[in-house]
Every structure is written in structure tokens, then in C-alpha cells.
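Here is how the chains run, residue by residue.
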Amino acid sequence: MQIGVIGSGSFGTSLGVLLADKGYDVTLWGRNADLIREINETHRNEKYLPGVDLPKNLKGTLRLEEAVKDMQMIVSAPPSHAITDILKEIKSYLPEKAPIVSASKGIENGTLRLVSEIFEAELPGKFHSGLSYLSGPSFAKELVKRVPTIVSIASKNEATARKVQEIFSFTYFRTYWTPDVVGVEVGGSLKNVIAIAAGVADGLGFGQNTRAALITRGLTEISRLGVKLGADPLTFLGPSGMGDLILTCCGEASRNRTVGFRLGKGESLDSILGGMTEVAEGVKTAKSGFELSQKLNIEMAITTEVYKMLYEHKNPKDVVRDLMGRDLKREGL
């Protein structure tokens, strides 16, 4: 099987490694000529996955067409804000019967579209039955170490979900399929916003009590938005909900938690983002999540405060004060 992977960052590369480990021939697309040359000549991606030997049946390309045309499956893993432009460029090359797996997480600024909505809007209807979405607790740096990992594969088409589930499942990578695309997308997007809040709490020197509070109440507001958009509430108890939320809020490898931690330590957002090699999706998603909650008239207190901290320069200590000082209410509301 020939598989194309769009996105040569840590997660795209790690998914390429997984698929190459299974014996598939993988073509990985990226924009950086030096990085692609390194992948092909030394079988390394030192910028994003230092010290990791890449399989020989994984090659890099600078040409999007080469990663898409005639492929038997396509995995899309760029930052979510880049998806629209990439889809416009590749849709004339897409094989009609090849499954398309999105591994990006986020809510588009301005349009407030989920990644699944972007794919369905930008691609002709003949491709829609082949769309699926991968999400769950899966740090790239652990995945390439072959650490046992589970994720969700969501698709509106059961045959597609089961096919992608089978292709990805391996000795160290277990997949669960679900028809709940909206739930998987909402959980995978908003957990990054909650992780920023958890990082801020750690940066301020708070303990496990605070982190547990943020995870618990964060899951409540993620579920609240997801259900409003039509998701199954049980999805948020699975890998792409609670599983991904716990990992992203607690794991030191979490880019979003790191952004929050440094904010809690007093650094400016511009300074933090300027020194990062990869995108922290929660920064953009905080804006979209806040605007979506306003549009749908849903209370999302943590998301709102993260938005104010990132975009209105609210002091992290004031954020804590206002979250703790909110009106008392019944649990679960």
C-alpha cells in the first residue's frame, strides 16, 4: 500500500513512522527543503523528532502532488489553520476511492468551522464518504518510541472507519472507531485550550488539586459545547475526550501546557510563541472556542478566561480569582 502523509512536523512524521512500521510505503510532504533532504539522506527528522531513526520505506517530498496522486490512503496532519489552502491545492490530485484521514485539531478562526467542516466544504461530495478523523492521547515523541497508545477513528461512514481502523492498528497502536465525528473533533480541539489553563496553574505554583479541578470542569464545558453541536456525550469519556484532555493537561511534552506554564511564570505570549518550532493549537482555538460559545450562548468559563488572558492580556492571577469567585451552582452545570 502507498500512503501519503501531509505535514512533516512531529505528529505527521510519527504517524508516517507507524504506517511504515506496518510495511506500507510512506511519502511524507513538507515545506522545508533542508528537512526533507535530511529525511531522505539520513532518515532523521532532527528538528521535530531528534534522535529517532526513521524507517527506510518512509521518504520525504516537497511536492504536494507527489504525496497525494495515486496514493491508496492520505493522512493530513498540518496545523489546522493551513488545511483550507492545502485542500484547495490538492483536490484535483486526490484519488477518488482513497480514504482521507485528518489528524489535525482545531477550530478555524473567523469561520468557526471544525476541521471536519473544512474538509466537507472544501472537497467535492464524492470524497465525503472517505473522510475520517484521528484523535486521542498520542504524543508524537512517545509514539515513535513504540509506546502502547490508543486513539479514536471517527467517520460518518462505517465502512471507512473500519477500513482506517484496520490500516492503523498495530502492535503498539490500538484504534477504536466511532461515528461521532463532531464529538471527536470538539474534544480534540478544546482540550488544547484547557491545557493552557492547566499550564498556567502549574506556572503559578498551584498543585494537583488545581489541575484536577481544571480537567474536571474543562471536560464539562467541552461536553457542553459538543452536545450543543450534536455530539454523543459518551464520546467525551473516551480517548478523544477525557483521554486526550488528561494527557495534554498533565504531560510535560504538551506544547499547549508549556505555553500556559510560561505565561504563568510571567513571560509574554509573543516571546513564547516566537521561540517555538511547532504550533500550539490552543492559542488560536481559544479565540474560536470563545467566539463559538458566544454565538451559541453557552457558558464556557475556562475557555473565556484563557481567551481573555491570550487576547486581552488579562493577568493570570486575576483569571484564577475570577474563576474561583463565580456564582455557586449545582455540580455538572
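Residues numbered from 1 in each chain as written. Predicted model: local features only at pLDDT ≥ 70, side-chain atom pairs only at ≥ 80, totals over all residues. Heavy atoms only, no water.

Describing the nonpolar core
1) Next: Counting residues in hydrophobic clusters, the biggest one holds 37 residues, and the most contacted among them are Leu190, Leu263, Val306 and Leu310.
2) Next: Of all elements in the fold, only α8 (181–203), α9 (208–228), α10 (239–250), α11 (255–264), α12 (269–274), α13 (281–296) and α14 (301–311) reach the threshold of two or more residues within this core.
3) Next: Per element, the largest residue contribution to this core is 10 residues, and it comes from α8.
4) Next: Both of domain 1 (2–179) and domain 2 (182–325) provide at least three residues apiece to this core.
5) Next: Counting residues in hydrophobic clusters, the runner-up holds 35 residues, among them Leu19, Leu28, Leu134 and Leu143. (Core = buried A, V, L, I, M, F, W, Y, C linked by side-chain atoms within 4.5 Å. Buried < 20%, exposed > 50% of the residue type's maximum accessible area, 1.4 Å probe, protein only. Helix = DSSP H or I, 4+ residues; strand = E, 2+ residues; numbered from the N terminus. Domains from an automatic or database assignment.)

With respect to the packing of aromatic side chains
The description of an aromatic ring pair uses the distance of the two centres, along with the angle that the planes make with each other.
1) Next: Inspection of every chain in the model, using the stated rule, returns 5 aromatic pairs.
2) Next: Summarising the aromatic geometry, the rings of phenylalanine 290 and tyrosine 307 are spaced 4.1 Å apart at their centres and angled 10 degrees between planes, so their arrangement reads as stacked. Placement of the pair is phenylalanine 290 in helix α13 and tyrosine 307 in helix α14, with a sequence separation of 17 residues. One exposure class covers both phenylalanine 290 and tyrosine 307, and it is buried.
3) Next: Centre to centre, the rings of tyrosine 307 and tyrosine 311 are 5.3 Å apart; their planes meet at 25 degrees, and the pair counts as stacked. In this pair, tyrosine 307 and tyrosine 311 both sit in helix α14, 4 residues apart, roughly one turn of the helix.
4) Next: Overall, the relative accessible area of 13% leaves tyrosine 307 in the buried class.
5) Next: Following the ring pairs from residue to residue traces out a cluster consisting of Phe290, Tyr307 and Tyr311. (Phe/Tyr/Trp six-rings, centres within 6.5 Å; stacked < 30°, edge-to-face > 60°.)

Digging into the side chain of histidine 43
1) Next: The residue histidine 43 is located in the loop between α2 (33–42) and β3 (58–61) in this model.
2) Next: If near-sequence neighbours (up to four positions away) are discounted, histidine 43 is found in contact with Glu38, Val52, Asp53, Leu54, Pro55, Lys56 and Leu58. (Contact = heavy atoms within 4.5 Å.)

Here's the deal with the pattern of salt bridges
1) Next: All chains considered together, the criterion is met by 26 salt bridges.
2) Next: Where glutamate 65 meets lysine 69, a salt bridge forms, and the shortest distance between an N and an O atom there is 3.7 Å.
3) Next: Overall, the relative accessible area of 23% leaves glutamate 65 in the partly exposed class.
4) Next: In this structure, a network of salt bridges that share partners links the residues Lys59, Arg63, Glu65, Glu66 and Lys69. (Salt bridge = Lys/Arg side-chain N within 4 Å of Asp/Glu carboxyl O.)

A short note on the layout of surface pockets
1) Next: A volume near 1,200 Å³ is recorded for the largest pocket.
2) Next: Around the largest pocket, the lining is made up of 46 residues, and of these Ser10, Phe11, Arg255, Glu278 and Val279 lie nearest the centre.
3) Next: Those elements that provide at least two residues to the lining of the largest pocket are α1 (10–21), α6 (140–143), α8, α10 and α11.
4) Next: Two domains each provide a minimum of three residues to the lining of the largest pocket, namely domain 1 (2–179) and domain 2 (182–325).
5) Next: Considered as a void within the structure, the second largest pocket measures approximately 450 Å³ in volume.
6) Next: For the second largest pocket, the lining is made up of 22 residues, of which Ala213, Leu214, Ile302, Leu323 and Met324 are closest to its centre.
7) Next: Of all the elements in the fold, those that place two or more residues in the lining of the second largest pocket are α8, α9, α14 and α15 (316–324). (1 Å grid on protein atoms, 1.4 Å probe; cavity = no way out; pocket = protein on both sides within 12 Å on 5 of 7 lines; lining within 4 Å. Points joined across faces, edges and corners; volume = space filled by probe spheres on them.)

Some thoughts on the pairing of strand β8 (residues 173–178)
1) Next: For strand β7 (residues 149–154) and β8, the ladder comprises 6 bridges, and the chain directions are parallel. Pairing of threonine 149 across the sheet is with phenylalanine 173, part of β8.
2) Next: Once you follow β7 into helix α7 (residues 158–168) and on to β8, the crossover reads as right-handed. (Pairing = 2+ DSSP bridges. Right-handed = clockwise from strand over helix to strand, strands pointing away.)

Some points on the UniProt feature "domain: Glycerol-3-phosphate dehydrogenase NAD-dependent N-terminal" (unreviewed entry) in the protein
1) Next: Feature annotation in UniProt assigns "domain: Glycerol-3-phosphate dehydrogenase NAD-dependent N-terminal" (unreviewed entry) to the following positions: residues 2–160.
2) Next: Overall, residues 2–160 shows 31% helix and 20% strand. The separation of its end C-alpha atoms is 17 Å. (UniProt positions renumbered as here; feature names shortened; annotations may be inferred.)

Some thoughts on empty space enclosed by the protein
1) Next: For the coordinates displayed, the defined rule picks out 1 cavity of 30 Å³ or more.
2) Next: Quantified by volume, the largest cavity comes out at close to 50 Å³.
3) Next: What lines the largest cavity is Ser102, Ser104, Lys105, Gly106, Val115, Tyr133, Leu134, Ser135, Val184, Glu185, Gly188 and Ser189.
4) Next: At the level of secondary structure, the elements contributing two or more residues to the lining of the largest cavity comprise β6 (131–135) and α8.
5) Next: Per-element tally for the lining of the largest cavity: the top contributor is α8, with 4 residues.
6) Next: Broken down by class, the residue content of the lining of the largest cavity amounts to 4 nonpolar, 6 polar and 2 charged.
7) Next: Both domains that meet at the lining of the largest cavity, namely domain 1 (2–179) and domain 2 (182–325), each give it at least three residues. (Nonpolar A, V, L, I, M, F, W, Y, C, P; charged D, E, K, R; others polar.)

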